[in-house]
Structures are given as structure tokens and as C-alpha cells.
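Architecture at a glance
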Amino acid sequence: QVQLVESGGGLVQAGGSLRLSCVASGSIDWVGAMGWYRQAPGKQREQVATISSTGSTNYADSVKGRFTISRDNARNTVYLQMNGLKPEDTAVYYCNADIVRIGIPRYFNSWGQGAQVTVSS
């Protein structure tokens, strides 16, 4: 069994910063690509940022220059540093990862439970 647990969400004023963390735990052999997605009320879930196991990153145009994704492979953890937050960044943020479980040689795509980020104007 594998779990992804997010933390660090909350309420912040426009222009402020938050840092999200997501830890993968359980019977993990290897963690591949990790990423952050978000879903605002009434909208579809969208990709925010992804990072490969070797550190290559990709960002949505709407967050480029404001958000930074990073990871700590030793801790199976991915971070999202969010600066210059805007009200339109308000959403539930979900962690995602491709994980190889011990004894099962293939990737399973896993999701966290989500962390609420609210940006007030």
C-alpha cells in the first residue's frame, strides 16, 4: 500500500506565499515523476507543475515565474513553493506520483487527498 499525504495549504492574502509538501510512504521501491495539480470549484483538474526523477521540471504558463517545484528523493517528498499568489490560484491542490511498489515491477499512478489553498484579494 502506498500513500501520498499533502501538507502546507491554507489561507493567504494576494501577493503572499505558501509552500506545499507531499510525502509518499508505504512499500515503495522507486518514485518516478511527481507533480502538482489543482482543481478550482466548477473547473476541471489542471496540471500545475511536474518534476522527473532526475529533476527536469515543467510548469503551466499561469504559474511560470511564481511557483517552483522541487523534490527530495531520499525522503520521497515533492514540494511546491508558491510566491506571488493570486486569487485565481485558489483551488484544491493534489499531489501525484508514479510509484513502483516493492515486489511489483511496474509504475502505479497515485494521488494525494488534496490540500486547500485560498488566496484572498
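A brief report on the enclosed structure follows. All figures in this text were calculated on a predicted structure; none of them were measured in a lab.

About the criteria used
Residues numbered from 1 in each chain as written. Predicted model: local features only at pLDDT ≥ 70, side-chain atom pairs only at ≥ 80, totals over all residues. Heavy atoms only, no water. Helix = DSSP H or I, 4+ residues; strand = E, 2+ residues; numbered from the N terminus. Buried < 20%, exposed > 50% of the residue type's maximum accessible area, 1.4 Å probe, protein only. Contact = heavy atoms within 4.5 Å. Areas by Shrake-Rupley, 256 points an atom, 1.4 Å probe, with all protein chains shown as cover. Lys, Arg positive; Asp, Glu negative; His and termini not counted. Charge placed at Lys NZ, Arg CZ, Asp CG, Glu CD. Core = buried A, V, L, I, M, F, W, Y, C linked by side-chain atoms within 4.5 Å. Pairing = 2+ DSSP bridges. Axes fitted to C-alpha atoms, helices over the stretch in contact; angles between N-to-C directions. Salt bridge = Lys/Arg side-chain N within 4 Å of Asp/Glu carboxyl O. Disulfide = S-S within 2.5 Å. Polar contact = N/O pair within 3.5 Å; in protein donor to acceptor, adjacent residues only side chain to side chain.

Scanning the protein chain from terminus to terminus reveals 0 helices and 11 strands. For the protein chain, the N- to C-terminal ordering of α and β elements is β-β-β-β-β-β-β-β-β-β-β. With the principal axes as the frame, the protein chain shows a C-alpha extent of 50 × 25 × 25 Å. Counting only residues that meet the buried cut, the protein chain has 43% of its 121 residues in that class. Counting contacts in the protein chain only where the partners sit at least 6 residues apart, residues at least 24 apart contribute 57% of the total. Put simply, the protein chain shows about 6,400 Å² of open surface, and 48% of that area lies on carbon and sulfur atoms. Charge centroids of the protein chain, computed over 11 positive and 8 negative side chains, lie 1 Å from each other.

Attention now moves to the environment of Gln 13. Looking at the element boundaries, Gln 13 is found in strand S2 (residues 10–13). For the pair Gln 13 and Val 119, spaced 106 residues apart in the sequence, the C-alpha separation amounts to 5.4 Å. If sequence neighbours within four positions are ignored, Gln 13 has contacts with Val 119 and Ser 120.

Let us now look at the nonpolar core. Within the largest apolar cluster, 31 residues are counted, with the highest numbers of intra-cluster contacts made by Trp 36, Leu 80, Met 82 and Tyr 93. Residue assignment for this core shows that the elements contributing at least two residues are strand S1 (2–7), strand S3 (18–26), strand S4 (28–39), strand S5 (46–51), strand S7 (67–72), strand S8 (77–82), strand S9 (91–101) and strand S11 (115–120). Per element, the largest residue contribution to this core is 5 residues, and it comes from S9. Apart from residues lying up to four places away in sequence, Leu 80 is in contact with Leu 18, Arg 19, Leu 20, Trp 36, Val 48, Ala 49, Phe 67, Thr 68, Ile 69 and Tyr 93.

Across the sheet, which stays open at both edges, the 4 strands sit in the order S1-S3-S8-S7 with antiparallel pairing between neighbours. In the strand order of this sheet, the two ends are held by S1 and S7, each with one partner. The mean angle between the axes of side-by-side strands here comes to 15°, regardless of whether they run parallel or antiparallel. As judged from the 6 bridges shared by S1 and S3, these two strands associate in the antiparallel manner. Within S3, the position partnered with Glu 6 by the bridge is Cys 22.

A few words on the pattern of salt bridges. According to the stated counting rule, one finds 5 salt bridges in the structure shown. For Arg 38, the salt bridge goes to Glu 46, with nearest N and O atoms at 2.6 Å. For Arg 38, a relative accessible area of 6% corresponds to the buried category. With a closest N to O distance of 2.9 Å, Arg 75 and Asp 72 form a salt bridge. Through salt bridges that share partners, Arg 38, Glu 46, Arg 66 and Asp 89 make up one connected network.

Evaluated as defined, the whole model comprises 1 disulfide. Here Cys 22 engages in a disulfide with Cys 95; their sulfurs sit 2.1 Å apart. Disulfide Cys 22-Cys 95: torsion about the S-S bond near -80°, hence left-handed. Here the residue Cys 22 occupies a position in strand S3, and Cys 95 occupies one in strand S9, the gap between them amounting to 73 residues.

The next thing to look at is the side chain of Asp 89. Here Asp 89 is to be found in the loop between S8 and S9. Within the local environment of Asp 89, its side chain forms a polar contact with the side chain of Arg 38, the two groups lying 3.0 Å apart. Excluding residues within four positions of it along the chain, Asp 89 makes contact with Arg 38, Arg 66, Phe 67, Gly 84, Val 117 and Val 119.

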